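Structural features, examined
One-letter residues, chain by chain:
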Amino acid sequence: MANDDEDYVYDEATGEWRPASEMAAVAAAAVEVRDAAGNVLADGDSVVLVKDLKVKGAGQTLKQGTVIRSIRLTDNPEEIDCRHDAIKGLVLRTEFVRKR
């Protein structure tokens, strides 16, 4: 049973207000994002490219071994949002990166 002084969070999936502790458990059980080597990735991690990648729309190739810092996880467990000096709005597939 929930405490009366517990915080509640609105769950958009169900449309209900649920205890914050319950929502934290749901978030922890969410799908893990893994790199090419099977390591678990998290927001803010640095990754290294495992192969050369041609970037669509940028006319540029990112070379194997390029370090990408401060990744952000997306709703899709197979993609990460990244920043690179020369390319804005870069999204990479997790199969092409390895945790640093």
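Below you will find a few notes about this structure. (Residues numbered from 1 in each chain as written. Predicted model: local features only at pLDDT ≥ 70, side-chain atom pairs only at ≥ 80, totals over all residues. Heavy atoms only, no water.)

Looking at the sheet that holds strand β11 (residues 90-93)
This is how the line gets drawn: Here, a strand pair is defined by DSSP locating no fewer than two bridges between the strands. Starting at the N terminus, helices and strands are each numbered in turn, a helix being any DSSP run of H or I of at least four residues and a strand any DSSP run of E of at least two.
Spatially, the three strands line up as an open sheet ordered β9-β10-β11, and their pairing is antiparallel. Single-partner strands in this sheet number two, and they are β9 (72-73) and β11. Relative to β11, strand β10 (residues 79-82) is paired through four bridges, and the arrangement is antiparallel. Bridge pairing in β11 places Glu79 opposite Arg93.

Notes on the pattern of salt bridges
The line we're drawing: When a carboxyl oxygen of Asp or Glu is within 4 Å of a side-chain nitrogen of Lys or Arg, the pair counts as a salt bridge. Three labels apply to residues, based on accessible area from a 1.4 Å probe with only protein chains included: buried if under 20% of the type maximum, exposed if over 50%, partly exposed otherwise in between.
Per the counting criterion, the structure on display carries six salt bridges. As a salt-bridge pair, Asp11 and Arg18 come within 2.8 Å of each other at their nearest N and O atoms. What makes Asp11 buried here is its relative accessible area of 9%. When its relative accessible area of 19% is taken as the criterion, Arg18 is described as buried. When the shortest N-O distance is used, the salt bridge between Arg93 and Glu78 registers 3.0 Å. Here Glu78 lies in the loop between β9 and β10 and Arg93 lies in strand β11, a separation of 15 residues in the sequence. Judged by its relative accessible area of 31%, Arg93 falls in the partly exposed class.

Comments concerning the pairing of strand β1 (residues 8-11)
With four bridges connecting them, β1 and strand β2 (residues 16-19) associate as antiparallel partners. Looking across to β2, one finds that Val9 is bridged to Arg18. Hairpin geometry of β1 and β2 is characterised by an intervening segment of four residues between the two adjacent antiparallel strands and by a positive phi of about 75° at Gly15.

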